[in-house]
Amino acid sequence: MSARKTYRPATLLVHQGMDRDPATGAAAIPIYQASTYHHPGGRSGDYDYARSGNPSRQQVEEAIALLEGGVQGFAYSSGMAAIASALSLLQPGDHLIAPDDLYGGTYRYLTLILAEQKIEVSLVDQSDPQKVEDAVRPNTRALFLETPSNPLFKVADIRALVTIARRHGLLTLIDNTFMTPLRQKPLELGVDVSIHSATKFLGGHSDLLAGLVTTADPELAKRLKRHQNAFGAVLAPFDCFLLARGIKTLKLRLDAAERNAGVLAARLAGHPAVARVHYPGLADFPGRKIHSAQATGAGAVLSFELKEKAALAPLLERVRLPIIAPSLGGVETILTHCWSMSHAAIPAEAKTKMGIRPTLLRISAGIEDVEDLWEDLAGGLACS
Ligand SMILES: *Cc1c(COP(=O)(O)O)cnc(C)c1O
């Protein structure tokens, strides 16, 4: 594994940690659909029981560690399982600081489940580092980041926040789903734990739920491993196979989708029915300078606000190409009505306070021909 660390990302994606089956030489790691492994003479070999580890899962766990510069990777049955498992490092009485604009499922987990576990959470506008520092209390133990945030694309300065976290001895965790390991490498910027919903770009085909975590700290890796094995929300072998297959083409898919997102963002920004476009690739994007200092691309997701609420229903009726759904990161374009879909778990008043309006839509650009996508979208907007 260490010998591969020198390869460039496109090569790593294809060869990952294990690029052929050690037992047979097969070009794809087989789906090791076994729950337990023989102990020759009663002695445990490389694998003993599938929850603790198996070759199918090892492949994707090594892949995420290699891609982000971690010492070890961990694969879970969903992005939320990955987030919950990483946050299980916290204890009752601890206080966590998280963004005030974040994935709806994470909001639900932080505000409902952590509250039940007597872990306090403050949701703070992380685009202002001072606000984060002001939120630190004597019992603050961790800082959770998501940048660019979802769905309003607020940018947090990762380096500045890591500096604050270190000053106060806080564990830092980041949801790096939107940027992927190709566009943003949080561990290199000093973040302790990087988390992905691999359901999105890493899987890439809208046919899988998965979560990945990695860390560069061997002590944290040991604790994460212990929690993963004890808690058991591991990724199943078949899903590991799908994820490993998806990861191989991440660069091709993301490059194409990001190009499409750039075109759609620029054209939407000039459309009379559109009030605002949030996309890190636009020249007037407020967080552009900080974003480009910590990420190598704008990503393939954007959001935009309609001028008139009346334009929403006809748009959703008329578009044919995008799937209208929560989620992102697939080869197909996905159009999300954030209010009722991705952020449905957040109460209406809280959404309004966060700045999420019913006229906000999110587009995860796919890899279709962008002219077809634009004709479809423009047709949906025109009839309003
Ligand atoms: C989808 C998503 C999650 C949750 O992942 P699941 O795989 O659906 O559990 C977490 N964070 C972000 C940014 C997401 O987009």
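The protein goes by cysteine-S-conjugate beta-lyase in an unreviewed UniProt entry, where it is assigned to Geothermobacter ehrlichii. The UniProt entry for the protein carries the following text under Sequence similarities (unreviewed entry): "Belongs to the trans-sulfuration enzymes family." Recorded under Cofactor (unreviewed entry), the UniProt text for the protein is reproduced unchanged: "pyridoxal 5'-phosphate".

Broken down by element type, the protein carries 14 helices and twelve strands. Once the C-alpha set of the protein is aligned to its principal axes, its extents read approximately 75 × 50 × 35 Å. Looking at the protein residue by residue over its 384 residues, the buried ones come to 55%. Counting only contacts in the protein whose residues sit at least 6 apart along the sequence, the fraction spanning at least 24 positions is 72%. Total accessible area on the protein stands at roughly 16000 Å², and carbon and sulfur atoms take up 54% of it. Computed over 40 positive and 39 negative side-chain charges, the separation of the two mean positions in the protein equals 2 Å.

Let us look at the site of the ligand. Taken together, 14 residues lie around the ligand, and Gly79, Met80, Asp175, Thr199 and Lys200 are the ones closest in. Between the ligand and Asp175 there is a distance of 2.6 Å, counted from a nitrogen atom to a side-chain nitrogen or oxygen. At 2.9 Å, a side-chain N or O of Ser197 approaches an oxygen atom of the ligand. Alone, the ligand offers 380 Å² of accessible surface; in the complex the protein occludes 94% of this. Of all the elements, helix 3 (residues 79-87) adds the most residues to the shell around the ligand, at three residues. Counted by class, the shell around the ligand contains seven nonpolar, five polar and two charged residues.

Here we come to the environment of Leu235. On the secondary structure map, Leu235 appears in the loop between helix 8 (218-231) and helix 9 (237-248). Taking the relative accessible area as the measure of exposure, Leu235 reaches 2% and is therefore buried. Along the primary structure Leu235 and Ser77 are separated by 158 residues, whereas in three dimensions their C-alpha atoms are 4.2 Å apart. Apart from the residues within four sequence positions on either side, Leu235 is in contact with Arg57, Ala75, Tyr76, Ser77, Leu209, Ala210, Cys240 and Leu243.

Moving on, we come to the environment of Gln117. Relative to the assigned elements, Gln117 resides in the loop between helix 4 (104-116) and strand 3 (120-124). Judged by its relative accessible area of 36%, Gln117 is partly exposed. The spatial distance from the C-alpha of Gln117 to the C-alpha of Leu187 is 28 Å, given a sequence separation of 70 residues. Residues in contact with Gln117, not counting those within four places in the same chain, are Pro92 and Tyr109.

For the rest of this paragraph, the subject is the sheet that holds strand 1 (residues 72-76). Spatially, the seven strands line up as an open sheet ordered 1-7-6-5-4-2-3, and their pairing is mixed. With one partner strand each, in any of the chains shown, strand 1 and strand 3 form the two edges of the open sheet. Taken over all neighbouring pairs, the strand axes of this sheet differ in orientation by 20° on average, direction set aside. In the packing of helix 2 (residues 55-68) onto the sheet, the strands contacted are strand 1, strand 6 (193-197) and strand 7 (211-215), and the crossing angle to strand 1 comes to about 130°.

Conventions adopted
- Residues numbered from 1 in each chain as written.
- Predicted model: local features only at pLDDT ≥ 70, side-chain atom pairs only at ≥ 80, totals over all residues.
- Heavy atoms only, no water.
- UniProt positions renumbered as here; feature names shortened; annotations may be inferred.
- Helix = DSSP H or I, 4+ residues; strand = E, 2+ residues; numbered from the N terminus.
- Buried < 20%, exposed > 50% of the residue type's maximum accessible area, 1.4 Å probe, protein only.
- Contact = heavy atoms within 4.5 Å.
- Areas by Shrake-Rupley, 256 points an atom, 1.4 Å probe, with all protein chains shown as cover.
- Lys, Arg positive; Asp, Glu negative; His and termini not counted.
- Charge placed at Lys NZ, Arg CZ, Asp CG, Glu CD.
- Near = heavy atom within 4 Å.
- Polar contact = N/O pair within 3.5 Å; in protein donor to acceptor, adjacent residues only side chain to side chain.
- Nonpolar A, V, L, I, M, F, W, Y, C, P; charged D, E, K, R; others polar.
- Pairing = 2+ DSSP bridges.
- Axes fitted to C-alpha atoms, helices over the stretch in contact; angles between N-to-C directions.

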